Amino acid sequence: MLSKAADRSPPASLPGTAANPRPVPAVRLDGVVKRFGAATALEETWLRVEQGEFLTLLGPSGCGKTTLLNLMAGFLEADAGEIFIGGDLVTSTPAYEREIGIVFQNYALFPHMSVAKNVGYGLRMRGVPRREIAERVDAALALVKLSGFSDRSPRQLSGGQQQRVALARALVIRPKVLLLDEPFSALDKNLRGAMQVELKEIQRRLGVTTVFVTHDQSEALSLSDRIVVMSAGRVRQTGTPDEVYRHPQDRFVAGFIGDVNLLPASLLARAGERATVAIRDLRRDVEAATLRGCAVGEEVDVFVRPDHLAVRQAGEAGTLPARVAALVYQGSHIDLHADLAEGGRVVVRMPGQGALATYAPGTPVGLVVPQGGLAAFPARDAAPSPLPQGPPDSRPSSLPPEPGSTR
Amino acid sequence: MRRRLHTRILGLSGRLLVGLILAFLVLPAFVVTLAAFNDRAILSFPPAGYSTRWFARALTYRDFRIGLWNSLVVTAWASTLALAVGTGFAIALKRYVFRLKGGLEGVLLSPLIVPHFTIGLGLLVLATGIGAARGFAVVVLTHVIVVLPFVIRSVYISLQNIDERLELAAASLGARPGRVLGTITLPLLAPGLFSGWLFAAILSFNEFTASLFVTGQATQTLPVAMYGYVREFADPTLAAVSVIYIAVTAALLTVANTFLGLGKVLNVEQGR
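What counts as what
- Residues numbered from 1 in each chain as written.
- Chains lettered and ligands numbered in written order.
- Predicted model: local features only at pLDDT ≥ 70, side-chain atom pairs only at ≥ 80, totals over all residues.
- Heavy atoms only, no water.
- Helix = DSSP H or I, 4+ residues; strand = E, 2+ residues; numbered from the N terminus.
- Buried < 20%, exposed > 50% of the residue type's maximum accessible area, 1.4 Å probe, protein only.
- Contact = heavy atoms within 4.5 Å.
- Areas by Shrake-Rupley, 256 points an atom, 1.4 Å probe, with all protein chains shown as cover.
- UniProt positions renumbered as here; feature names shortened; annotations may be inferred.
- Polar contact = N/O pair within 3.5 Å; in protein donor to acceptor, adjacent residues only side chain to side chain.
- Domains from an automatic or database assignment.
- Phe/Tyr/Trp six-rings, centres within 6.5 Å; stacked < 30°, edge-to-face > 60°.
- Pairing = 2+ DSSP bridges.
- Axes fitted to C-alpha atoms, helices over the stretch in contact; angles between N-to-C directions.
- Buried area = accessible area lost by both parts, 1.4 Å probe.
- Salt bridge = Lys/Arg side-chain N within 4 Å of Asp/Glu carboxyl O.
- Nonpolar A, V, L, I, M, F, W, Y, C, P; charged D, E, K, R; others polar.

A.B. asks: Residues and numbers for the overall build of chain A, please.
C.D. replies: Helix and strand counts for chain A stand at nine helices and 20 strands. Within chain A, the fraction of its 407 residues that count as buried is 55%. Put simply, of all contacts in chain A between residues at least 6 apart along the chain, 68% involve residues at least 24 apart. Here chain A displays about 17,500 Å² of accessible surface, and carbon together with sulfur accounts for 51% of that area.

A.B. asks: I'd like a description of the UniProt feature "domain: ABC transporter" (unreviewed entry) in chain A, backed by residues and values.
C.D. replies: Per the UniProt record, the feature "domain: ABC transporter" (unreviewed entry) sits at residues 27-257 of chain A. Here residues 27-257 of chain A is 36% helix and 26% strand, with 25 Å between the C-alpha atoms at its ends.

A.B. asks: Hey, could you go over the side chain of threonine 215 of chain B for me, with residue numbers and the actual values?
C.D. replies: Residue and element names in this part refer to chain B. As for its placement among the helices and strands, threonine 215 is situated in the loop between helix H9 (209-214) and helix H10 (222-232). For threonine 215, a relative accessible area of 5% puts it in the buried group. A distance of 2.8 Å separates a polar side-chain atom of threonine 215 from the backbone oxygen of serine 211. Those residues in contact with threonine 215 that sit more than four places away from it in its chain are Arg134, Val139, Gln220, Thr221 and Val224.

A.B. asks: Could you give an account of the domain arrangement of chain A, naming the residues involved and the relevant values?
C.D. replies: Each assigned domain of chain A is listed with its residue range as follows: domain 1 (27-99 + 175-246) and domain 2 (259-378). Summarising the inter-unit geometry, the C-alpha centres of domain 1 of chain A and domain 2 of chain A are found 34 Å apart.

A.B. asks: Got a sec to walk through the packing of aromatic side chains? Specific residues and values, please.
C.D. replies: All names here are of chain A. Applying the stated criterion to the full structure yields 14 aromatic pairs over all chains. Here phenylalanine 54 and phenylalanine 212 contribute two aromatic rings whose centre-to-centre distance is 5.7 Å and whose plane-to-plane angle is 55°, an arrangement assigned as tilted. Placement of the pair is phenylalanine 54 in strand S3 (residues 54-58) and phenylalanine 212 in strand S8 (residues 210-214), with a sequence separation of 158 residues. With a relative accessible area of 0%, phenylalanine 212 lands in the buried category.

A.B. asks: Quick one: what's the story with the environment of valine 155 of chain B, residue by residue and with numbers?
C.D. replies: Residues and elements named next belong to chain B. Structurally, valine 155 can be placed in helix H6 (residues 136-160). Of the residues examined, valine 155 reaches a relative accessible area of 0% and is grouped as buried. Valine 155 sits 69 residues away from glycine 86 along the chain, and the two C-alpha atoms are 7.6 Å apart. Not counting residues within four places of it along the chain, the set of residues in contact with valine 155 comprises Leu83, Thr87, Ala90, Leu189 and Leu193.

A.B. asks: Outline the UniProt feature "transmembrane region" (unreviewed entry) in chain B, listing residues and values.
C.D. replies: Residues and elements named next belong to chain B. In the numbering adopted here, UniProt assigns the feature "transmembrane region" (unreviewed entry) to residues 12-37, 68-93, 105-130, 136-159, 180-205 and 238-262. Within the segment residues 12-37, helix and strand shares are 96% and 0% respectively, and the terminal C-alpha atoms sit 35 Å apart. As annotated, residues 136-159 comprises 100% helix and 0% strand, and the C-alpha atoms at either end are separated by 32 Å.

A.B. asks: Please provide a residue-by-residue account of the pairing of strand S16 (residues 320-329) of chain A, values included.
C.D. replies: Residues and elements named next belong to chain A. Pairing of S16 with strand S19 (residues 364-368), which is carried by four bridges, proceeds in the antiparallel orientation. Opposite proline 321, over in S19, you have glycine 366 as the bridge partner. Sheet topology note: the S16/strand S17 (residues 333-340) ladder contains seven bridges and is antiparallel. Across the sheet, residue valine 328 finds its bridge partner in S17, namely aspartate 335. Linkage of S16 to S17, two consecutive antiparallel strands, is achieved through a turn of three residues, within which glycine 331 is found at a positive phi near 85°.

A.B. asks: Give a description of the sheet that holds S16 of chain A that names residues and reports values.
C.D. replies: Backbone hydrogen bonds are what pair the strands of a sheet, in a parallel or an antiparallel way. Residues and elements named next belong to chain A. Ordered in space as S15-S19-S16-S17-S18, the five strands form an open sheet in which the pairing is antiparallel. Edge positions in the sheet fall to strand S15 (310-313) and strand S18 (345-351), since each has one partner strand and no second. The mean angle between the axes of side-by-side strands here comes to 50°, regardless of whether they run parallel or antiparallel.

A.B. asks: So what about the sheet that holds strand S1 (residues 27-36) of chain A? Which residues, and what values?
C.D. replies: Residue and element names in this part refer to chain A. Spatial strand order, S2-S1-S4-S5: four strands in an open sheet with antiparallel pairing. The sheet is open, and its two borders are formed by strand S2 (39-49) and strand S5 (88-89), each paired with just one other strand. Contacts from helix H1 (residues 65-73) reach S1, S2 and strand S4 (80-85) within the one sheet, and its direction differs from that of S1 by about 115°.

A.B. asks: An account of the interface of chain B and chain A is requested, with residue identities and associated values reported.
C.D. replies: Contact with chain B, which involves 20 residues of that partner, is made by 23 residues of chain A. Both faces considered, chain B and chain A share a buried interface measuring about 1,900 Å² in area, 67% of it formed by carbon and sulfur atoms. In terms of surface lost to chain A, no three residues of chain B exceed Arg165, Ser172 and Leu173 of chain B, which account for 33% of the buried area on that side. The tally of links between chain B and chain A comes to one salt bridge. A salt bridge links glutamate 97 of chain A to arginine 176 of chain B; the shortest N-O distance between them is 3.2 Å. For the side of chain B that touches chain A, the secondary-structure elements that each account for two or more residues are helix H7 (164-172) and helix H8 (177-206) of chain B. Split into classes, the residues belonging to the side of chain B that touches chain A amount to twelve nonpolar, three polar and five charged.

A.B. asks: So what about the pattern of salt bridges? Which residues, and what values?
C.D. replies: By the definition in use, this model includes 23 salt bridges over all chains. A salt bridge links arginine 226 of chain A to glutamate 53 of chain A, with the nearest nitrogen and oxygen atoms 2.4 Å apart. Placement of the pair is arginine 226 of chain A in strand S9 (residues 226-231) and glutamate 53 of chain A in the loop between S2 and S3, with a sequence separation of 173 residues. Take arginine 226 of chain A: its relative accessible area is 17%, and that puts it in the buried class. The exposure class assigned to glutamate 53 of chain A is buried, which follows from its relative accessible area of 9%. One salt bridge in this structure joins lysine 200 of chain A and aspartate 225 of chain A, with 3.9 Å as the shortest N-O distance. Residue lysine 200 of chain A is located in helix H5 (residues 189-206), and its partner aspartate 225 of chain A is located in the loop between helix H6 (217-223) and S9; the two are separated by 25 residues in the primary sequence. On the accessibility criterion, aspartate 225 of chain A (36% relative accessible area) is partly exposed. Connected via shared salt-bridge partners are Lys94, Arg95, Glu164 and Glu167 of chain B.

Next up, the structure:
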């Protein structure tokens, strides 16, 4: 049930050989490396995308996810390694022969062509007969609920409609893989949710293998079959949304997926797969795998989700002493920001409304730390702290600030 | 109350200043146009009586007729050649990374810095050296050199306004590089190419300094013929030619505006 840090297929297991019982993956990357000048945009990466899978490349700007997508599309050439699509070696195959569909962040609709001409472009390039083009374009527009928009210019469409056209244009060629480069980031929040549901439906109905690039962890968690978390040109963890959310294998993943708090602790003991840590005088059980290279007695950081913490009366047995700093009303829940006695701030996510009156700023409280759902990492690890620094109104989110390009 | 008066005076003088500047912009054309209709055989302002006879003379004067024809031929060749060469260089500068790119850019834009008479003189010396002096080829070459920087700028800016993702999307849909060029890049570039060509044509049609050096009796362009005329005569024929010049250029721009919109032609608005 644990996910691997990266999908390291041994190079010996070539597709189609008897040694490989698994079906041919839709996309396979074998040790792919990409450099831009002296900078390595993508370190050696091994990855399998299964047939029909919805795989998300998740990471902050500049983590290499867009580079990876461009390598799959054939817009960039790998400096090392091999890329397979549907079992065929395509490492040096040009983009126009790869049969992939791509939807860009800005949709990249051809401004001098009508909606129907945009959608039919790929079919015209393939020399499909005119009558068949018309039929398939109509079917694709019906799929994205844009029947009757054939003669419009892309300029006359809303952002959501433009995105549907881009999706229809990519799907109409029946691509081997559908690549989506942050397709939702230009839409407003309400439309984004609706489009996500629709995309997921279409993807499931067609069964098209999809690689989705995003920096938005909630988008990744809600849409994906599997998530590849990336940072600084490296794959940090590959796993189902639940695996990367509940069992982060890496300090970066723990901080990037979902909101987290960091509690200072020390390693008490280690026994096989499990380890015991002490948070002040609280003893908690954590996975030992993430504490590799950490000796007993050394300091560790324990990661805990805001909704896993609870607030009790100060001094109650088995709680961590803290003092309320602020209450932030979030509509469906309330975030209580508290300062730990030994320094550091944590966020407790409380459902319901009652808490507003109960905890005035300055009130001493006791924090309940759950027995499970904790992850610990060596404290000396120099990684950006996921703790909410600064004023309490700053959201306890570890999202990167700008959704810009990730080249 | 006083303050309000102040603002009003300031506002009025501001408008007056803008009006004066605009007036100065059109003043030369205005004076020359009026002078062209002067009945008397002398270039003067204000005109004493009105007549259109200088237009008749302008259109029938042999040097002007030959000059106009030469100018049209040279302009057509020079602007078209400059467009072809300039488009190639603009694409190279915009899309490719290579050694000495900065150097190439400098060389291509250098005609902006080198005075036209230097270009003309240089080419005259060179052409005399190889025995090709005063031929049309040298005149066309001179004009290509003079207008090339403007064509490159114009095409380069248009290229900058084309989202390269459009070409990537086309490629992913199965379009080979040649078809991407034909179905995406060139159609989107067309207004830029046309504006580049138009700029080149107007500049070439008006070019005088360099042309003075490289043209001969048989190849002299209209501006050179006009210069020759004004050294001998002082009647309003020259003013009449000027008016024709203005009218032709304005007509060209009007046509361009009707078909493409001036904003697009002049690369002012680049909304997609």
